[in-house]
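Observations on the model geometry
Below, each chain spelled out in residue letters.
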Amino acid sequence: MALARQLALAPPSPRTKDKPANYVEPSVVYSGRTPETSIDHSSSANRKILDQEISCLVDLQIRSTFYEVEGGLMALLRRCLELESENSRSIVSGHIDHYQIIESEDAGWGCGWRNIQMLSSHLLKQRQEAKVVLFGGSGFVPDIPSLQRWLEIAWERGFDTPGSESFDHKIYGSRKWIGAIECATLFRSFGLRARIVDFDSTALSKQLNNGESKGKKIKKQVYGPMDKFLLRTNCDDFQVGPSSYENSWQEHHSLARHPKDTMINGDGSRKYERKINGHQVLVDWVWNYFTSEIGGRLDNSEHVLISNKTRPLYIQHDGHSRIIVGIQMQRRVRESQNQFILLVLDPAHRTAALERSLRDRNGWQQLIKRGVHTFKKPQYQLCYVDPGVARGEEMEQLKTINSILIKF
C-alpha cells in the first residue's frame, strides 16, 4: 500500500550526476519534486500529500548498520578515564554509538551524516520524549539515504528555507557536504530544540583592522564555517553555557544554570564576567556546558562523572565535523590554571580500532583526547539539543535557524 501510494503521488526522478555509482535509488522514498513544484503550505491538499510522504518514509526508512561494541563504547571510555591520575576530573555523556565513515559508501563527504547518527543514538537511548518523535517514532537510527529524505521533508515543511535553496531543495542520493546547520534543521523538524553557537576569530580581527570600535556590528559579514544563511546574534563577550537565547521559553535557563558566571549589561543582555583569549573561549564554553547539570558533584572524590542530561555536542569546522562526548579537567600543581581536554569521537576513525585501544588501554588518548592547542581553525560551529519538545508557536519559530556568535 505504501509503495502504491508513493508511486501514485510522485513519478520517478532522473538520476543525478552526484549520486554514488553503486547506489540504487528507491523511487518510493524520493518525492521527485523540483523547486518549481515545491509544496505550497497554504494548500490543504498539498499538506495531505506531505503527510502521506512522511507516512511512507516512516514505513520505508532503513535502519543503519554499525559496529556494535559489547558493553558500549562510552563504558570503555569511562573505565580508562577512571584509571588516570587523581588530579583529573572528567565529565562524559551517557550512551552513544559510534558510526564510522565507510570507505565504499561515504568517504570524503559523510562525516556530517555520521555525526547526526551518533547524536540520534544518544537521543533515542537517553531521552524518551525524543524517542517518541524522532523518525516517526521508529526507535532506531536510519541510514544516510533515509536521513537525506528526512532533511528534504524538513525543508518542504519550511525549516531553514534559505539553506534549502542553497541545496536547490534536493539532497537525497547526493554526496553534498552538510554541517551543523543541517543537523539542527533535521532535529528541529521533529520538535527538538537544536541550537547553534558560532565561535569566530575572523569577525573581531576584521573589526580591529577596519578601525571599528568594539561592540559595533559588522554588516553583511559571513561568520559561520559552513553556512551563510544564519540569523546571528552578535556577542562580543564569551557566552556561558547553552540556552542563552532570548526566546521566552528559554529565558530562565542561562542565569539559573550559571548565576555566578553571568552579569547583566545596561541593555539587559547577558555577558561573561571575564575575558579569555584565543580558542580557550571554546573549550571553556564546553566545560560550562557539561558542568551545567553536575553542580556540586564536582567537589566529590569521583574521577569520572556521568551527565545523562547533557547531550553530546556536534562540532563543525571547515572540512570536517566530530562529536564531543565529554571533557576532562587536569589540575596542574605547578601552574595557576587547570588544563581542559575535550573528549571527541571522530567518524573518520574505525570503531573496531577505538574499541581495541580502549580495551587494551593503549593509544586511546591519541584517538579521543583533544587539547586546546589542536584547535587551529579560525571558525567553529557547535550544535546541541536542549531538553523538551516544541509545540505550536515555538515549533514555527524553530523554522528560522538562529545562532549566538562569540567573537574571540
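Report on the accompanying structure. Owing to the predicted nature of the structure, the values given are computational and were not obtained by experimental measurement.

Of the regular secondary structure elements, the chain holds 15 helices and 12 strands. Burial analysis of the chain (408 residues in total) assigns 55% to the buried set. Considering only contacts in the chain between residues 6 or more positions apart, those separated by 24 or more positions represent 74%. Carbon together with sulfur atoms contributes 49% to the accessible area of the chain, which is approximately 18,600 Å² in total.

This part covers unusual backbone geometry. Of note in this structure, Asp 168 is not a glycine but carries a positive phi near 60°. Topologically, Asp 168 is positioned in the loop between α8 (161-166) and α9 (180-188). Taking relative accessible area as the criterion, Asp 168 reaches 37% and is therefore assigned partly exposed. Here Arg 361, not a glycine, exhibits a phi torsion of approximately 55°, which is positive. Tracing the sequence through the fold places Arg 361 in the loop between α13 (351-360) and α14 (364-368).

Turning our eyes to something else, we now look at the packing of aromatic side chains. Per the stated rule, a full pass over the model turns up 12 aromatic pairs. Both rings, one in Trp 285 and one in Tyr 289, keep their centres 5.6 Å apart while their planes meet at 10°; by these two values the pair is stacked. Residue Trp 285 and its partner Tyr 289 are located together in helix α12 (residues 280-291), separated by four residues, close to a single helical turn. Taking relative accessible area as the criterion, Trp 285 reaches 0% and is therefore assigned buried. Classification of Tyr 289 as buried rests on a relative accessible area of 1%. Through a chain of ring-to-ring contacts, the aromatic side chains of Phe 199, Trp 285, Tyr 289, Phe 290 and Tyr 384 assemble into a single cluster. Positioned above the aromatic ring of Phe 159, the side-chain terminus of Lys 399 is 5.7 Å from the ring centre.

So, about the pattern of salt bridges. A side chain of one charge can pair with a side chain of the opposite charge when the charged atoms of the two come close. Considering all chains together, one arrives at 13 salt bridges under this definition. Of the charged contacts in the structure, one is a salt bridge between Glu 84 and Lys 369, with a shortest N-O distance of 2.9 Å. On the criterion of sequence distance, the pair formed by Glu 84 in the loop between α3 (73-82) and β1 (88-93) and Lys 369 in strand β10 (residues 369-371) is long-range, its members being 285 residues apart. For Arg 114, the salt bridge goes to Glu 105, with nearest N and O atoms at 3.6 Å. A network of salt bridges, in which partner residues are shared, links Glu 53, Arg 149, Glu 152 and Glu 156.

Before going further, it helps to examine the pairing of strand β12 (residues 402-407). Here β12 lies mainly inside the structure; five of its six residues are buried. Bridge count between strand β2 (residues 192-200) and β12: five bridges; the pairing is parallel. Bridge pairing in β12 places Val 197 opposite Ile 404.

Counting residues in each nonpolar core, the largest one holds 58 residues, and the members touching the most others are Trp 113, Ile 116, Leu 134, Phe 187 and Leu 192. Contact partners of Trp 113, with chain neighbours within four places excluded, come to Ile 144, Leu 147, Gln 148, Leu 151, Ile 171, Lys 176 and Ile 178. If you look at the next biggest cluster of nonpolar residues, it comprises 28 residues, including Leu 305, Ile 327, Leu 382 and Ile 404.

Basis of the calculations
Residues numbered from 1 in each chain as written. Predicted model: local features only at pLDDT ≥ 70, side-chain atom pairs only at ≥ 80, totals over all residues. Heavy atoms only, no water. Helix = DSSP H or I, 4+ residues; strand = E, 2+ residues; numbered from the N terminus. Buried < 20%, exposed > 50% of the residue type's maximum accessible area, 1.4 Å probe, protein only. Contact = heavy atoms within 4.5 Å. Areas by Shrake-Rupley, 256 points an atom, 1.4 Å probe, with all protein chains shown as cover. Phe/Tyr/Trp six-rings, centres within 6.5 Å; stacked < 30°, edge-to-face > 60°. Lys NZ or Arg CZ within 6 Å of the ring centre and 35° of its normal. Salt bridge = Lys/Arg side-chain N within 4 Å of Asp/Glu carboxyl O. Pairing = 2+ DSSP bridges. Core = buried A, V, L, I, M, F, W, Y, C linked by side-chain atoms within 4.5 Å.

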